Amino acid sequence: MRAADWCLSSAGAALVLATSSDEQHPAENMADGSSETFWTTTGMFPQEFIIGFPKCVKITKVAIQCYLVRTLRIERSISKDPVGFEQCIEKDLQHTEGQLQMEEFPLPDFQATYLRFIIKSAFDHFVSVHRVMAEGTAENT
């Protein structure tokens, strides 16, 4: 089976929660497949968002394109509802002046129905998340 990006709204992904809301830069922008659009935070940290998949997926790699994120944690849930998250990755990102931060996290044998991204700290008062990607295949359930 061919790997797909399960974080795309066209693949059935849903933004279940985002802790900031901006009419001009909504959370749904992270799932539209474009680096030109983005979600922006509007306040203090931590900030988080949860992406739900249409089914349990086996993920091989998670990637994020963002700006001004200092510390990022990624958690997963395999529950039917967005509960029972367990930490998978926590990383301090490098500051990239004037360009997007692009981070990839290989995840061998990693199943999830939801991913929670927690932006624990930032290099400025606001950050932007342009794209999130979760490459993998659907589990036979």
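Structure: see above.
Described below are features of the structure shown in this document. These numbers were taken from a predicted model, which means no experiment stands behind them.

### Thoughts on the overall build of the protein
Along its length, the protein carries zero helices and eight strands. Scanning the protein from its N terminus toward the C terminus, one meets helices and strands in the order β-β-β-β-β-β-β-β. Its C-alpha atoms give the protein a radius of gyration of 14 Å, within 12% of the compact-globule value 14 Å for 141 residues. Overall, the C-alpha framework of the protein stretches about 40 × 30 × 25 Å when taken along its three principal axes.

### Overview of the nonpolar core
Counting 35 residues, the largest nonpolar core has Phe53, Ile59, Leu115 and Phe117 as the members making the most contacts within it. Mapped onto this core, the elements with two or more residues apiece are strand 4 (47–67), strand 5 (69–77), strand 7 (101–122) and strand 8 (128–138). Other than its neighbours up to four places away in sequence, Leu115 contacts Phe49, Ile50, Ile51, Phe53, Ile59, Val62, Ile74, Glu75, Arg76, Phe85, Phe110 and Ala134.

### Structural notes on the packing of aromatic side chains
Under the defined criterion, the tally for this structure stands at two aromatic pairs. With a centroid separation of 5.4 Å and an interplanar angle of 70 degrees, the aromatic rings of Trp39 and Phe49 are classed as edge-to-face. Highlighted residues: Trp39 in strand 3 (residues 39–40) and Phe49 in strand 4, separated in sequence by ten residues. No difference in accessibility class separates Trp39 from Phe49, as the two residues are buried. Aromatic side chains Phe49 and Phe117 sit 4.8 Å apart centroid to centroid with 10 degrees between the ring planes, which places their arrangement in the stacked category. In this pair, Phe49 is assigned in strand 4 and Phe117 in strand 7, connecting sequence segments 68 residues apart.

### Describing unusual backbone geometry
The omega torsion across Phe45 and Pro46 is 10 degrees, close enough to zero to call that bond cis. Along the chain, the position of Pro46 falls in the loop between strand 3 and strand 4.

### Some remarks on the pattern of salt bridges
Using the criterion set out here, one finds ten salt bridges in the structure. The residue Glu86 makes a salt bridge to Arg76 at a minimum N-O spacing of 2.8 Å. With Glu86 in strand 6 (residues 86–92) and Arg76 in strand 5, this residue pair connects regions lying ten residues apart in the sequence. Given a relative accessible area of 40%, Glu86 falls into the partly exposed group. The class of Arg76 is buried, set by a relative accessible area of 17%. Where Glu103 meets Lys91, a salt bridge forms, and the shortest distance between an N and an O atom there is 2.8 Å. Residue Glu103 is found in strand 7, and its partner Lys91 is found in strand 6; the two are separated by twelve residues along the sequence. Look at Glu103 and you get buried, because its relative accessible area is 14%. In this structure, a network of salt bridges that share partners links the residues Glu48, Arg73, Glu75, Glu90, Arg116 and Lys120.

So, how was this worked out
Residues numbered from 1 in each chain as written. Predicted model: local features only at pLDDT ≥ 70, side-chain atom pairs only at ≥ 80, totals over all residues. Heavy atoms only, no water. Helix = DSSP H or I, 4+ residues; strand = E, 2+ residues; numbered from the N terminus. Rg over C-alpha atoms; globule rule 2.2 N^0.38 Å. Core = buried A, V, L, I, M, F, W, Y, C linked by side-chain atoms within 4.5 Å. Buried < 20%, exposed > 50% of the residue type's maximum accessible area, 1.4 Å probe, protein only. Contact = heavy atoms within 4.5 Å. Phe/Tyr/Trp six-rings, centres within 6.5 Å; stacked < 30°, edge-to-face > 60°. Salt bridge = Lys/Arg side-chain N within 4 Å of Asp/Glu carboxyl O.

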